[in-house]
Structure formats: C-alpha cells, structure tokens
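The primary structure of each chain is shown beneath.
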Amino acid sequence: MDQTMGNIGKLYLIPTTLGDNEPLEVLPISIKRTIEQIDHYIVENEKTARHFIKKISSKKSQPSLHINVLNKFTEPEILPTFLDPCFEGYNVGIISEAGCPGIADPGADIVSIAHQKGVQVVPLVGPSSILLALMASGLNGQSFAFNGYLPIEAGERKKSIKRFEKLSRDFDQSQIFIETPYRNDKLLAELIKTLSPQTLVCIACDITLPTEFIATKKVMDWQRMSVDLHKRPTIFIIHA
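Since the structure is predicted, the reported quantities are computational estimates derived from the model, not experimental observations.

1. Describing the UniProt feature "domain: Tetrapyrrole methylase" (unreviewed entry) in the chain
Then, in step 1: Mapped onto this numbering, the UniProt entry annotates "domain: Tetrapyrrole methylase" (unreviewed entry) at residues 30-216.
Then, in step 2: In residues 30-216, helix accounts for 36% and strand for 19%; the two terminal C-alpha atoms are 33 Å from one another.

Below is the structure:
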C-alpha cells in the first residue's frame, strides 16, 4: 500500500497527541492521510501506537501493520534493519509516545541512521510540548536551551539548578527541562528552594488538554502558591 514504485522509501516523522484527546483536534489532516498510506512503523510502544493509528484512521487494517519497537531496551546494532523496508520501496513512519519524534525521544537515533543511508527524512507538523511551553511562557524565545532531565541525586541536582540559573543570567537564555511526572512536585519544591527569589519560573502542565495549566511567576510568588503537578506531564522553564 505504501510502496513507492521502485524508489527508496522515505522516513516520515509522525507527531502524536500530548494526551488522550481527539487526534484531529491538535493534528493536521495531513497526519491522517500519511498514516493511511504507510504500513511500516517504528514505535516506542506497540500497543499505544496501534491505539493511536486506530483512533486517527479507524479503517486502517491493523493486521497489515509491520511494527518495530524502539525503546531503551532495543539493541543498537539492529536499528539499521528498521529501515530495510525503505530499500524495498516502502515508506516508514516513526511514532513517538507523545509529541514530536526525535525531540526528547529515541527516534533521533533512527533519523541519524537514515541520513547516513541516504533515506529522505520528512518531518510532519504536530505539537511539541517543549515549543508550546516556550511560546506560552513569555520568556526568551530567541535564545533557549532544552536540557532534558536533571540529575536524580540531590546534591548534583541542586548544582544543576544553580548552573542553569547562572547560564540564564549570563546569556539571557531560557533554560528548559522536564521531569518524570510522579516527581514533578518534588522538583518544583527544589526549584523554589534553590533559585533566587526574583528568578522567573514557567510551569506548563497538561499542554493541549482540558486541564492545561501554564503560568510564569517569580520564585517568591510560587512559594506562596500550591500547585498539584503529580503525574501530570510538565515542562519547566527558568529565566534569571
């Protein structure tokens, strides 16, 4: 169905929703059309990927799907084989667990291999929680850095927070990071305890969902508030 008549297939980076909302409320119709034309996929979780595909295209044949799983348990040496369908003339799609493939996501490894092998990479439009949070923060969108997760060890985490604050102050740069959702509340407590009172902190939670909460305030203001972030996908941005 997705064969490209003898040519090398393309690698499509297919965004998903950021939560359990209707796909076409936050994704363009082009995502639906692309999924309807592709049967070969690289995904983080097969069950949730199949659920997403079924939700966005209910008539798509599930038995026709060829799925390879890419997560932290996948052996690196088998990754190049995930692109074999491209050299048989088939397009391949990467689907992330949430948001855009390749950004804070293991899909970047496949994209790198695609470039090495001469497979065309096609990024599709969709929601990135990182960029949506930055857009809504009111902080510096001209100079910013995404830093992923902070260290788990308390001493190293505190050093990292202070380092990011200094980088922000020295370079007028927004510093963005994330945390495992069940540790969000603990991280917020550490931020308001460690950062300077005047430093700005944006909390962007449940982006695009009905429970969305986005606010930017000084640390001293957050200290007077109570916010429940437990198990809610959240982006943190600081600017000194």
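Following the structure, the description resumes.
2. Comments concerning a nonpolar patch on the surface
Then, in step 1: On the surface, a cluster of nonpolar side chains totalling about 320 Å² of accessible area is made up of Leu 131, Met 135 and Phe 144.
Then, in step 2: With respect to the helices, strands and loops of the structure, Phe 144 is situated in strand E6 (residues 144-149).

3. Let's talk about the packing of helix H2 (residues 29-37) against helix H3 (residues 46-56)
Then, in step 1: It is at 10 Å that the axes of H2 and H3 come closest, and there the two elements cross at 115°. Between H2 and H3, the angle is such that the two are roughly perpendicular. As for the relative orientation of H2 and H3, their crossing is left-handed in sense. For the pair H2 and H3, contact is made by Ile 31, Lys 32 and Ile 35 and by Phe 52, Ile 53 and Ile 56, respectively.
Then, in step 2: Looking at the contact of H2 with H3, its residues break down into five nonpolar, no polar and one charged.

4. Some points on the packing of aromatic side chains
Then, in step 1: One pass over the full model with this rule turns up three aromatic pairs.
Then, in step 2: Centroid distance Phe 164 to Phe 177: 6.0 Å. Interplanar angle 20°. Geometry classified as stacked. Placement of the pair is Phe 164 in helix H6 (residues 154-171) and Phe 177 in strand E7 (residues 174-178), with a sequence separation of 13 residues. You'll find Phe 164 and Phe 177 in the same group, each marked buried.
Then, in step 3: Within the aromatic cluster, the residues linked to one another by ring pairs are Phe 164, Phe 177 and Phe 236.
Then, in step 4: In this structure, Arg 163 packs its charged tip against the face of Phe 164, placed 4.9 Å from the ring centre.

Cut-offs applied
Residues numbered from 1 in each chain as written. Predicted model: local features only at pLDDT ≥ 70, side-chain atom pairs only at ≥ 80, totals over all residues. Heavy atoms only, no water. UniProt positions renumbered as here; feature names shortened; annotations may be inferred. Helix = DSSP H or I, 4+ residues; strand = E, 2+ residues; numbered from the N terminus. Patch = residues over 30% accessible without salt bridge, like charges linked within 9 Å, V, L, I, M, F, W, Y side chains within 5 Å. Areas by Shrake-Rupley, 256 points an atom, 1.4 Å probe, with all protein chains shown as cover. Salt bridge = Lys/Arg side-chain N within 4 Å of Asp/Glu carboxyl O. Axes fitted to C-alpha atoms, helices over the stretch in contact; angles between N-to-C directions. Parallel < 35°, antiparallel > 145°, perpendicular 65-115°, else oblique. Left-handed = near helix turned anticlockwise from the far one by under 90°. Contact = heavy atoms within 4.5 Å. Nonpolar A, V, L, I, M, F, W, Y, C, P; charged D, E, K, R; others polar. Phe/Tyr/Trp six-rings, centres within 6.5 Å; stacked < 30°, edge-to-face > 60°. Buried < 20%, exposed > 50% of the residue type's maximum accessible area, 1.4 Å probe, protein only. Lys NZ or Arg CZ within 6 Å of the ring centre and 35° of its normal.

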